[in-house]
Every structure is written in structure tokens, then in C-alpha cells.
Amino acid sequence: MQPLLLRLKILNMKKFLFLITVITTIAAMETNCMAQGPAEDTSWKKVYRESYPKINDLVHTKLDVKFDYDKSYLYGKEWLTLKPHFYPTDSVLLDAKGMEFKEVAIMNGTSKSVLQYKYDGMQLNIKLNRLYTADEKYTLYFDYVSKPNELDAKGSAAITEAKGLYFINPKGEDKDKPTQIWTQGETEANSAWMITIDKPNQKTTEEIYMTVPAKYVTLSNGLLISQKKNADGTRTDYWKMDLPHAPYLFFMGVGDYVITKDKYKEKEVSYYLEKEYAPYARKIFGNTPEMMKFFSEKTGVDFPWQKYAQIVGRDYVSGAMENTTATLHQESANQNARELVDGNDWEETIAHELFHQWFGDLVTAESWSNITVNESFANYSEYLWDEYKYGKDYADAHHFQEMQGYLQGGENKNLVRFFYENKEDVFDQVSYNKGGCILHMLRNYVGDDAFFKSLNNYLTTNKFKTGEAHQLRLAFEEVTGKDLNWFWNQWYYGSGHPKLKINYEYNIQGMPGISEVIIEQTQKSGKVFTLPIAIDVYTDGKAQRYNVWLKNKIDTFYFNTPVKPELINVDADKMLLAEKTDNKSEENFIAQYKYAKNYMDRKEALDFFSKKSMPEIAKGLHDKFFKLRISTMQKIGSSPYKKDPVVLGDIEEMAKTERNKKVKAAAISYLVKIGDAKYLPVYQAAVSDSSYSVAGAAFKGLADLDTANAYSLAKKYSVDAKGELANAINKILFEKGTEADFDFISESFKNYPLSQEKLTVTAKYLEYLQKVSDIGKIKKGIDLVIKFRNIIPEPYRPYVDPTFKEGFEKLSAAKGKEVEEYIISVFK
């Protein structure tokens, strides 16, 4: 799964969450300075979160469901087959949240016998008709109604709601939104629409009969076996999954979708999109078969399921979800041809969810405490795919982003977490970002062949069963012949990361021709990490590698160097999860950019050149990797060289001829900030570019140079505007727009990237609504603001709500009582 806050528009949401975290941290500090509030409830720290006890095992789940769109109800019949796990039992405890039961019985052939049960609204405790032993199966029958919208189930930062079954625009009242149904099971929400043991250490085969309006298509796990048209205008689709998987991975999707079919080997691969985006299905998801082949070859386990489908759902409560054979994506996956010109921002999420079909679905974490064996692997799959498809620089840049995401929070949490307040809490930067970084270090330590053979060992040993971190360790130990307890104890069952201070000396007294490297671990926890690393010593542009171990608070290494090295590169593979203060000289960093070829080597050098305002920063404009060219422009823009004629000439040439659209957009943006009218022909040539990013940068240049006509320019280019072009146009329309611009401005606000800037844009949008006279439109605009506000997790809202409150108060004052009452009804 990709939580919303870790993947919604990818990096933008991470920056947004970081901003909110900073705001709340500062506010909390200020509050603590003023007064001591009630003591925090920390009793959960003493509650050990064990794997759920297995008294009964799921065997098979058969469902027959119909949907009531007016009430948002599901009418279900279910046949649930179980057996005692080991000890004989005459009762079973099942999860069934917020349901109405019409019948609870046990099957005896084709006949049924009613059973006694107790139901508290969340769990069903059934007294069986006799004592059953471990080799005896029994089948229960339920006739029930699921009422998800009446269920009081709180979500979390990772999954914003937890009602399991979602009816989207069920009555068709919103003409701009399709009618859809989809489900979200993780963590334990599928028991809001089916009766089960809703725990990750259970697995069951499955059949689902779904009766829907005939105009809609359906999607579920496994294969579509048959379809039957009914006399009342409905159709019953029969889906069957004959391989066992966890209850939280069950899925139903219903809607007006266009299905684009692809294949991997002889297995169907399909993409479910709304008509507007169906023409771009292969551009969005078309790398999926190649991913399946790549991951199959890397793990040595061929894609294990009958088919693989991907569907995009409106108003989805998370980022994406790896339901077995049927991944659900939130609507940010929808992209048109112009958006995709800049690259597919959703591709890493597609890889992430696909890798879950092995790590999470084939082998499932036996408890939420061990979620690392699901999510850390899915996180690292993004690196693996980037490395294979786009090269090591691209993958390393992604790895750096992931590491920074972890360093922004979560330092004091173990990767395997047996103590947590809420099971949702484990879906965080530690389980995802840090876990992926740990796998990267493990791969570097054992080597590629051993790493992937160990993954194969883990998957084949535990397929269609559950796994935990110790089983992963045993799989690696069996392959490598190494005792890896030190690594697991340090990284899986421990918290934090090393902070390293690195110093260098040459020709120290009494030791001529010797280079000294002193590495000190400065983390305040007192914990000392064991770290196998590589150190490269460069003379005459050539590196001599030394593999060493850090095991002490201060480690000193000596290298025989008859001449002073040009560079000593600690952590030469740049794979450590660590914060480093690397006290190299200017000459060292110049040599590092010239000789050391990793992305991080070059990035570190360019960062140093920027910090020291060195002219060598301009080297980055010609770096082979486009992201370093972009970041170099950003750095030069705040340097003494920002108007250097050579620099401006290089950047102008990029603005005219660069093939990478993101670099071209960055170059144009740079020129716009210079403010020179001589670049007008550059903007005129680029404003109609196929890339929204390029067109957006060029539009801003045109608008800045011709402020009198900025509004007419905005109207002209708003016909087809998304992304950066829409953002640039919006800034003009917020100030100068009229009611006639409502649809465009509101759609752009809705799709505005979730970044810190959206908080500012919200205030501007609410000011714009004061110009609107149509009360219906005003209410629609208010709804969009509330939807954005509700994405922010509840703990953070007290710190951002003043922004919303101030804007709403001004709008109420301007538009009167009806608007004020509507705001009161929705702003809670």
C-alpha cells in the first residue's frame, strides 16, 4: 500500500507533511513553554502487540452481494468455511463491523441449522453446533446487510477512513463525478462488508458473485468466470480466486470503466480507467508487463497469480492498494498525454504495488508489527525498477529522496514494532523509507547474487503463508552462510541511525606517506552502529578500494599513500543510512566531482560548491543527469553567478534546445526570474509546448513582461491547462478572474499539488469566491476547500485550521447568512 501522505503527488505531499510537522512541532514547543497540559497517555507502550492467536483458520469464502445505491447498503449472503487451527473448539469469533444480521446458520449439506451468537456491532461470537477437531471443516451461512456509511470507524494519516466499502456519488447527484464502488481492506476494514477473521495471518480462497447495474463493469480478485444478465436490468458477475490470500486483500470495484487489455506471457493484464483517460491507459500503465517480467526474473519467482488488473478510483482514501490481482490507485494516477510528456509521476507507485504481489500478497506479514516484510520491500522495488529502467543515477536520486523522507521524522521507532498505539501507526517513514534504505544496505553488504537468491528463498519457503522479519533473516543466513543477527538486531529490532563526523589528515607527525581517516559516531543516543563500508583512495584519478568496518564511537584508519591523495571517499558506494559531516577540502570536492561517478558523489560536490559560492557550481549545468542540471540552476539562481554571461548563455541554450522537458522548464523559469525582455522570443516559442511544465514556465514569462494583458493571456491558454500551466494561470485568475472563470479556477484548485503552497492558494481561492454570486458555485468551492482540509490528519488540524477559519469568516461576511450557515454545517 502507498499511504496518501507518502505518495499523493509523490514528493509534493512529503514536503506538505514535513511543513505540517514543522508547524505542529513549533506550536507544541510554544504551548509547552506556556503551560503544562494533561499527561500524555503512554499506557500503550506496555502493550505487546502479538500475532493474532489462531483458534480457527479460514479456508474458503463465498459471497453473493448486491448493492443499494440509494441507501449505500450492501445486501450479502456468505458461506464461510473454517476449521480449528489445532485445538478442538465449539465456537468461533469473527469480525463483522456495523452489520445487520438476518440469519446466522451452519450448513449441513444443503440444509441449514440456525446457530446461537452474540454480536456487539464489531465482532460476532458464534456457538457452533458441536465440538470440531483440526481435521474437520465446517461452513457457516450468513444473510446480512452492510451499512458502511453508518459505521463509526476512524481512519488515520495513512488511510483517511476505515469503513471498508465506499459508494462514490451513488445517486449521481454530482454531474462532474462518476458513480463508483470500491473497497479498501487494509488494515482490518473489509470486515465492514464481509464476515471474516480480519487478520493478516489468515488466508482463504474466494468466490464472489456481484450483481450490479448492467451498464457497469466489475473487478475483483482472481478470474472472471461468468456473467449473467438478469431480467431487472442488472448483471451478475462471478469472480473466483482459487489461491489463498489474506482477507484484507479482498477487493470489489464497480463503475463505468473502459478496460484496456494487455498481457504478461499468457496472463491477462488490464487497466480500468474512466473514458476521459482510457486513451492514455498504455502510457500510464503500459510498463506493467515489463515490470512483471523484471520482478519475476529478479526474485526467481514468476508472477504467482492468475491475472493482474489495475483500477483508478475516485475519492480514494489512500495512495494505492495492492489487492491481490486487482490493485486500486487513487485518481492522481489519471494523466493525459501532455502531463505524461514530463514523465509518469505515478510509475514508481505502479512498481510499488506490483511488487506487493510477491511481498505482501504471496507472503504476507503475519502481524502489523512485521509490516516491514511487506512495505519495506515495496518501497525498495521503486529503486530496483528505476535502476533497471532509467539507470543508477535515477535510482540513486530516488533513494536520496526516500532517505530524506525518513530523516524528517520517525528516528526513535524500531522497524519491527511490537509496541504501538494504533496499528495504523506502523505505516510511516520507518516502515517505508527507512526499511527500503536498510534493504539497500543489506544488498550492498551481501552482494547482488546473494541478495536476490535470499529473496527467492524467503518467497518460495513461505509462499501462500505468512512471514516475519526473523524468517527473512533465516532465509538470508541459509543462502549466505553468515550470521546476520547483528544486522537484524541493529536495523530491524533497533531504532535510529548513525551520525558521522569524518576528518582527514596526511603526513601526520612521525608517519610520512600515511593518510589518516577519523570517523566519529556523534548520535546522542549512545548507541554505536556496526557499519561495513568501502573507502576509495584516489591518486592520479584512480581509486584504490578498502573495505573496512566501523565498530566504535571513534574509528581511525590509516592508508599508505606515498603522495597526497586527491580524494578519500568514505562510504564510496553512497549506500549508508546516515547523516554525515564530511570535512573534505575544496580540492577534495573538485576531485570528487571529477572522478567519483555516483549520483551522490556529484550531488555532494555541487552542494559544497554552492555553499562556498565556488564557480565550479556551473559544472552541474552540463551534468549527464537531468535532475542535477535542474538542481544546479536552482542553486546558481541564489549565487553570485546568477547573471554571469556564460551561465546565462548556457541556460538560454537549454531553454531553447533541451530535450528533457523538466530541464527545459527549469531553464525557462530561471530566465523569467532574470526579468530581461530579450528572452521574450524564448517564451513565445515555448508557451504552446506539449509539456504543461514548459508551457507554464513560458506563460509566466509572457505574463510578467506584459502585465496589462495578463488576464487575456490567462483566458487564452486556460483552454487546455493542467499542472504548472494551470498553476501559473490561476495566479492571474485569482486576482483578476470573474465568475465566468469559476469552473477552471475550481478545477485547478482541486488538482493543485499538495504542497505548502496550497495553504496559501487556499486563502487566495476563498478570496476569489467572494467575487462569485451563484450560491451553488460558492458552496461547491467551499466543499473543495473542506475536502483539502480533511486530507490533513486530525492531529495537525489545530495548527492549520486558522488559515481556513480566516478565509471562511471573510467569505461569510461578504456573502451573507446562507453561506455562513453552510460553512458552519461543513467546517467541523
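Residues numbered from 1 in each chain as written. Predicted model: local features only at pLDDT ≥ 70, side-chain atom pairs only at ≥ 80, totals over all residues. Heavy atoms only, no water.

1. Notes on the overall build of the chain
1) Next: In terms of helices and strands, the chain carries 26 helices and 29 strands.
2) Next: What you see for the chain is a C-alpha radius of gyration of 29 Å, in line with the 28 Å of a compact globule of 828 residues.
3) Next: In terms of overall dimensions, the chain has a C-alpha envelope of 90 × 70 × 65 Å along the principal axes.
4) Next: For the chain, with 828 residues in total, the buried portion stands at 56%.
5) Next: Counting only contacts in the chain whose residues sit at least 6 apart along the sequence, the fraction spanning at least 24 positions is 68%.
6) Next: A total of about 34900 Å² of accessible surface is found on the chain, and carbon and sulfur atoms cover 50% of it.
7) Next: For the chain, the distance from the average site of its 110 positive side-chain charges to the average site of its 114 negative ones is 1 Å. (Helix = DSSP H or I, 4+ residues; strand = E, 2+ residues; numbered from the N terminus. Rg over C-alpha atoms; globule rule 2.2 N^0.38 Å. Buried < 20%, exposed > 50% of the residue type's maximum accessible area, 1.4 Å probe, protein only. Contact = heavy atoms within 4.5 Å. Areas by Shrake-Rupley, 256 points an atom, 1.4 Å probe, with all protein chains shown as cover. Lys, Arg positive; Asp, Glu negative; His and termini not counted. Charge placed at Lys NZ, Arg CZ, Asp CG, Glu CD.)

2. A word on the pattern of salt bridges
1) Next: Scanning all chains against the criterion turns up 44 salt bridges.
2) Next: Salt-bridge contacts for Asp623 lead to Arg602; the nearest nitrogen and oxygen are separated by 2.8 Å. Note that Asp623 is positioned in the loop between α14 (599-611) and α15 (626-636) and Arg602 in helix α14, a separation of 21 residues in sequence. In this structure, Asp623 and Arg602 share a single accessibility class: buried.
3) Next: Between Glu818 and Lys779 there is a salt bridge, with its nearest N and O atoms 3.3 Å apart. Linking Glu818 in helix α26 (residues 817-826) with Lys779 in helix α24 (residues 775-791), this pair joins segments that are 39 residues apart in sequence. (Salt bridge = Lys/Arg side-chain N within 4 Å of Asp/Glu carboxyl O.)

3. Quick look at the packing of helix α21 (residues 723-736) against helix α22 (residues 742-750)
1) Next: For the pair α21 and α22, the least separation of the axes is 10 Å and the interaxial angle reads 130°. One way to sum up the angle between α21 and α22 is to call them oblique. Between α21 and α22 lies a crossing whose hand is left-handed. Contact residues: Ala726, Ile729, Asn730, Leu733 and Phe734 in α21; Phe744, Ile745, Ser748 and Phe749 in α22.
2) Next: Its residues assigned to classes, the contact of α21 with α22 comprises 7 nonpolar, 2 polar and no charged. (Axes fitted to C-alpha atoms, helices over the stretch in contact; angles between N-to-C directions. Parallel < 35°, antiparallel > 145°, perpendicular 65-115°, else oblique. Left-handed = near helix turned anticlockwise from the far one by under 90°. Nonpolar A, V, L, I, M, F, W, Y, C, P; charged D, E, K, R; others polar.)

4. A closer look at the confidence of the model for the chain
1) Next: Overall, the predicted model of the chain reaches an average pLDDT of 93, with 95% of residues at or above 70.
2) Next: Considering only residues more than four positions removed or in separate chains, one finds that residues 8-35, a stretch of pLDDT under 50, has 42 contacts. (pLDDT = per-residue confidence, 0-100.)

5. Topic: the pairing of strand β9 (residues 165-168)
1) Next: Burial along β9 is two-sided: the face carrying Leu165 and Phe167 and the face carrying Tyr166 and Ile168 are both buried.
2) Next: Both β9 and strand β10 (residues 180-183) contribute to a ladder of 4 bridges, which runs antiparallel. Directly across from Tyr166, in β10, lies its bridge partner Trp182. (Pairing = 2+ DSSP bridges.)

6. Focus on the environment of Val761
1) Next: Mapped onto the fold, Val761 is located in helix α23 (residues 756-769).
2) Next: For Val761, a relative accessible area of 7% corresponds to the buried category.
3) Next: In this structure, the C-alpha to C-alpha distance between Val761 and Ser220, residues 541 residues apart in sequence, is 39 Å.
4) Next: The residues touching Val761, leaving out its near neighbours within four places in the chain, are Phe734, Phe749 and Tyr752.

7. Focus on the sheet that holds strand β23 (residues 499-506)
1) Next: Pairing is mixed in the open sheet, where 4 strands are placed in the order β27-β24-β23-β29. In this open sheet, the two edge strands, each paired with only one partner strand, are β27 (554-560) and β29 (579-582). Within the sheet, the average angular offset between the axes of one strand and its neighbour, ignoring direction, is 20°.
2) Next: Two strands pair when backbone bridges link them, and strand β24 (residues 514-521) and β27 are joined in this way by 7 bridges, in the antiparallel orientation. Each bridged residue has a counterpart across the sheet, and for Glu516 the counterpart in β27 is Tyr558.

8. A look at helix α9 (residues 430-446)
Residues three or four positions apart in an α-helix share a direction because the helix packs 3.6 residues into each turn.
1) Next: Along its 17 residues, α9 runs 22 Å from first to last C-alpha, staying within 8% of the 24 Å computed at 1.5 Å per residue.
2) Next: α9 sits mainly inside the fold: 15 of its 17 residues count as buried. (Expected span 1.5 Å × (residues − 1).)

9. Let's talk about helix α11 (residues 469-480)
1) Next: For α11, spanning 12 residues, the distance from its first C-alpha to its last is 17 Å, which sits close to the expected 16 Å at 1.5 Å a residue.
2) Next: Taken as a whole, α11 has its buried residues at Ala469, Leu472, Arg473, Ala475, Phe476, Glu477 and Thr480.
3) Next: Where α11 is buried, its residues touch α7 (372-390), α9, α10 (448-462) and α12 (485-491).
4) Next: Gly481 sits one or two positions beyond α11 and adopts a positive phi of about 75°.

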